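Each chain, letter by letter, is given below.
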Amino acid sequence: MTGVAPWEWELSRDGDSALLLAFESRLDPGVNARCVAVAEKLRGQRIRGVRDVVEAFATVTVHFDPVLADVDEISTMLRRLAAETAAPADRGDGRARREIRLPVCYGGARGPDLADVARFARCSEAEVVERHRSVPYRVYMLGFQPGFAYMGAVDPRIAAPRRTVPRVHVPAGSVGIAARQTGVYPVVSPGGWQLIGQTPVRLFDMARPDPFLLSAGDVVRFDPIDEASYARVETGRS
Amino acid sequence: MSSAQPGLEIEDAGLLTTVQDTGRWGYQHYGVSVSGAMDMAAHRRANRLVGNPPEAATLEITLVGPTLRFETAMRVAVAGAVFELRLDANEVSTETVLHAHPGQRLAFGRRTAGARAYLAAAGGFTVAPVLGSRSTHLRSGMGGLEGLALRAGDRLTAGPALGVPRREPAAARWRRCLPLGGARVRVLPGPHAGLFEPVVLRRLETARYTIRPESDRMGYRLDGPPIPGPEGLSLLSLGLPVGAVQILPSGGVIVAMADRQTAGGYPRVATVATADISVLGQLAPGDWIEFERCDQRTAREALTGSGLA
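Residues numbered from 1 in each chain as written. Chains lettered and ligands numbered in written order. Predicted model: local features only at pLDDT ≥ 70, side-chain atom pairs only at ≥ 80, totals over all residues. Heavy atoms only, no water.

Evaluation of the coordinates by the stated rule reveals 14 aromatic pairs over all chains. On the numbers, 4.3 Å between centres and 0° between planes, the contact of Phe212 of chain A with Tyr30 of chain B is stacked. With Phe212 of chain A in the loop between β12 (194–198) and β13 (219–224) and Tyr30 of chain B in the loop between β2 (16–20) and α1 (40–50), the pair connects residues from two separate chains. Of the two residues, Phe212 of chain A and Tyr30 of chain B, both sit in the buried class. The side chain of Arg51 of chain A reaches across the aromatic face of Trp25 of chain B, ending 4.1 Å from its centre. (Phe/Tyr/Trp six-rings, centres within 6.5 Å; stacked < 30°, edge-to-face > 60°. Helix = DSSP H or I, 4+ residues; strand = E, 2+ residues; numbered from the N terminus. Buried < 20%, exposed > 50% of the residue type's maximum accessible area, 1.4 Å probe, protein only. Lys NZ or Arg CZ within 6 Å of the ring centre and 35° of its normal.)

Have a look at this one:
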């Protein structure tokens, strides 16, 4: 934590069906931890008319049914939770986060942009992999598609910008870099991130009791695996 | 058993016919889009006509309607966009209950107003719910019939009809409410309105915009005077409500609709009032939009009589 205090926040209306709680607008684990904490506490409350609580990098958006909800009730609750989590005694989330390890087969056909990222970083592909796998990443938020986690922060040396021309077809499990962010595509989709590898683990699977592997606030580590291990995990899954 | 279950077959799917309900709420923090009916008021009306609760799944019919063949007797209703309808040889109308016999065909003909119609069947369509909703989200392939738009040959079943059909005395009024060629919609200030020059905001409120052809259930791209944002602004993505008026770096305007992503990073000057989201749902590419600023109180009062309560 960076020890910046006090933690300022602002509550405003976003149209007539959402409330926006905005903390200091910067990419920071401490700021994000407060968003996650507020969102999780709010989801634990059963407030009439609340339909969704969405934590992002530095904000929490509460979507509600404007016919059913009492905006004042939600506002009061949000103010209380924001003030609580802004207390100096509360360090971040106030509880231990889950650490999830994701096996990744780097390079080759599974990571077609690894060579480009190595060129960007002016180092070997092996060093890109080492720099990517050696740090833990915080899941800041999920978005873009079901189960897609925005994680950071990537080592600045290998923080290659998005591809100028996005791919039409990115395979599920592809691990990508976009500047200081890294992420895994849960399902086949178009995408512009630099693909450096692929995980055989499903981030989103409706067949599981909990379809989503990751939540905002989780910590992710990537473990390099070879092609044979990739195949084993993939087979073992089905 | 199965022969007793009400059902129909899609003979011709029309342009874009999907299963929709009130939306997949509760999972946006996992990146799951809400989707649901674009004109929620019409969706609810169709359900009410056949005695369904508002959450029952209907068919959303877009611009060019389908032809359906009933395999069993079914009580159905069409609300929203006005189409010429034929039940076999008989002309029938929207916003009223239809009693179809086994083997009869319901054919959608010429569309005379609006963009999207909703066909409800008593008991509601029974595709398997995904994360608590039957709404089809085409981009993620979730909900509906295997996550897809309906195709010729698809068969749909309805659940047991429980409710009592309601009369809709104001059918004529709803038809009159449908926008013809465009609409004025009320907007509230967006979370980033303060970052824009007042003169630029005035432009948004005085200009007429046109819906571009590439618009879809995810969002409406608009043609019209550009809205220049602050130079070098870079926002962190944040939760995205329906009706959010987003400004692209080019000054272009996109209005977030039912299939929007759960979060977005474009600055937002305004948000369309909930009561007028259904109006947007009845617009098609080529139609015009004008924005009229309102306050929370007006937006709240507009909900009464919007068909959403």
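This brings us to the layout of surface pockets. The computed volume of the second largest pocket comes to approximately 530 Å³. Surrounding the second largest pocket, 24 residues form its lining, Arg51 of chain A together with Thr22, Trp25, Met40 and Leu308 of chain B being those nearest its centre. Here the residues of the lining of the second largest pocket sort into 14 nonpolar, 5 polar and 5 charged. (1 Å grid on protein atoms, 1.4 Å probe; cavity = no way out; pocket = protein on both sides within 12 Å on 5 of 7 lines; lining within 4 Å. Points joined across faces, edges and corners; volume = space filled by probe spheres on them. Nonpolar A, V, L, I, M, F, W, Y, C, P; charged D, E, K, R; others polar.)

In this structure, Tyr220 and Phe291 of chain B are the most contacted members of the largest nonpolar core, which totals 46 residues. Here this core gets 6 residues from one element, more than from any other, and that element is α1 of chain B. Both of domain 1 (7–177) and domain 2 (182–304) of chain B provide at least three residues apiece to this core. Beyond its immediate sequence surroundings of up to four residues, Tyr220 of chain B is in contact with Met38, Arg116, Ile211, Ser215, Val253, Ile254, Val255, Met257, Leu280, Gly281, Leu283 and Ile289 of chain B. Within the second largest apolar cluster, 35 residues are counted, among which are Ala121, Cys123, Ile196 and Phe204 of chain A. (Core = buried A, V, L, I, M, F, W, Y, C linked by side-chain atoms within 4.5 Å. Domains from an automatic or database assignment. Contact = heavy atoms within 4.5 Å.)

Further remarks concern the domain arrangement of chain B. Residues and elements named next belong to chain B. Looking at the assigned domains, one finds that chain B contains domain 1 (7–177) and domain 2 (182–304). One C-alpha centre belongs to domain 1, the other to domain 2; they are set 27 Å apart. Both faces combined, the contact of domain 1 with domain 2 buries some 1500 Å², and carbon together with sulfur accounts for 47% of it. With its nearest N and O atoms 2.8 Å apart, the salt bridge here joins Glu60 to Arg217. Counting the contacts that link domain 1 with domain 2 gives 16 residue pairs in polar contact (both at pLDDT 80 or more). Listing elements by their share of the side of domain 1 that touches domain 2, those giving two or more residues are α1, β5 (74–87) and β8 (105–121). Class assignment for the residues of the side of domain 1 that touches domain 2 results in 11 nonpolar, 10 polar and 4 charged. (Buried area = accessible area lost by both parts, 1.4 Å probe. Salt bridge = Lys/Arg side-chain N within 4 Å of Asp/Glu carboxyl O. Polar contact = N/O pair within 3.5 Å; in protein donor to acceptor, adjacent residues only side chain to side chain.)

Counting buried residues along helix α4 (residues 274–281) of chain B, 7 of its 8 residues qualify, which places the element largely inside the surrounding structure. Buried residues of α4 of chain B: Thr274, Ala275, Asp276, Ile277, Ser278, Leu280 and Gly281 of chain B, and no others.

This part takes up the environment of Gly163 of chain B. Residue and element names in this part refer to chain B. Looking at the secondary structure, you find Gly163 in the loop between β9 (155–157) and α2 (171–177). Given a relative accessible area of 30%, Gly163 falls into the partly exposed group. Measuring from C-alpha to C-alpha, the distance between Gly163 and Ala122 comes to 7.9 Å, with 41 residues separating the pair along the chain. Those residues in contact with Gly163, other than ones at most four positions away along the chain, are Gly51 and Arg75.

Here the focus is the sheet that holds strand β6 (residues 137–142) of chain A. Residues and elements named next belong to chain A. Reading around the circumference, β5-β12-β9-β10-β7-β6-β13 is the order of the 7 strands in this closed barrel, with mixed pairing throughout. Neighbour-to-neighbour, the strand axes of the sheet open up by a mean angle of 40°, direction not taken into account. Inspection of the sheet shows β6 paired to β13 by 2 bridges, in the antiparallel sense. Counted as the bridge partner of Tyr137 is Val220 from β13. Its contacts with the sheet put helix α3 (residues 114–121) on β5 (99–106) and β12, and the angle it makes with β12 is roughly 125°. (Pairing = 2+ DSSP bridges. Axes fitted to C-alpha atoms, helices over the stretch in contact; angles between N-to-C directions.)

Within the structure shown, the criterion is met by 38 salt bridges over all chains. Here Arg26 of chain A ties to Glu24 of chain A by a salt bridge, and the two come within 3.0 Å at their closest N and O atoms. Of the charged contacts in the structure, one is a salt bridge between Arg116 of chain B and Glu60 of chain B, with a shortest N-O distance of 3.9 Å. Pair noted here: Arg116 of chain B is in strand β8 and Glu60 of chain B is in strand β3 (residues 58–62), with a separation of 56 residues, a long-range link. Looking at Glu60 of chain B, the relative accessible area reads 1%, which means it is buried. Where salt bridges share partners, they join Glu99, Arg101, Arg221 and Asp223 of chain A into one cluster.

Right, let's talk about the pairing of strand β4 (residues 67–70) of chain B for a bit. All names here are of chain B. Here strand β1 (residues 7–12) runs beside β4; their pairing, made up of 4 bridges, is antiparallel. When the bridges of β4 are listed, Glu9 appears paired with Arg69. Relative to β8, β4 runs antiparallel, the two sharing 3 bridges. Residue Thr67 lies in a different strand from β8, and its bridge partner there is Ala107.

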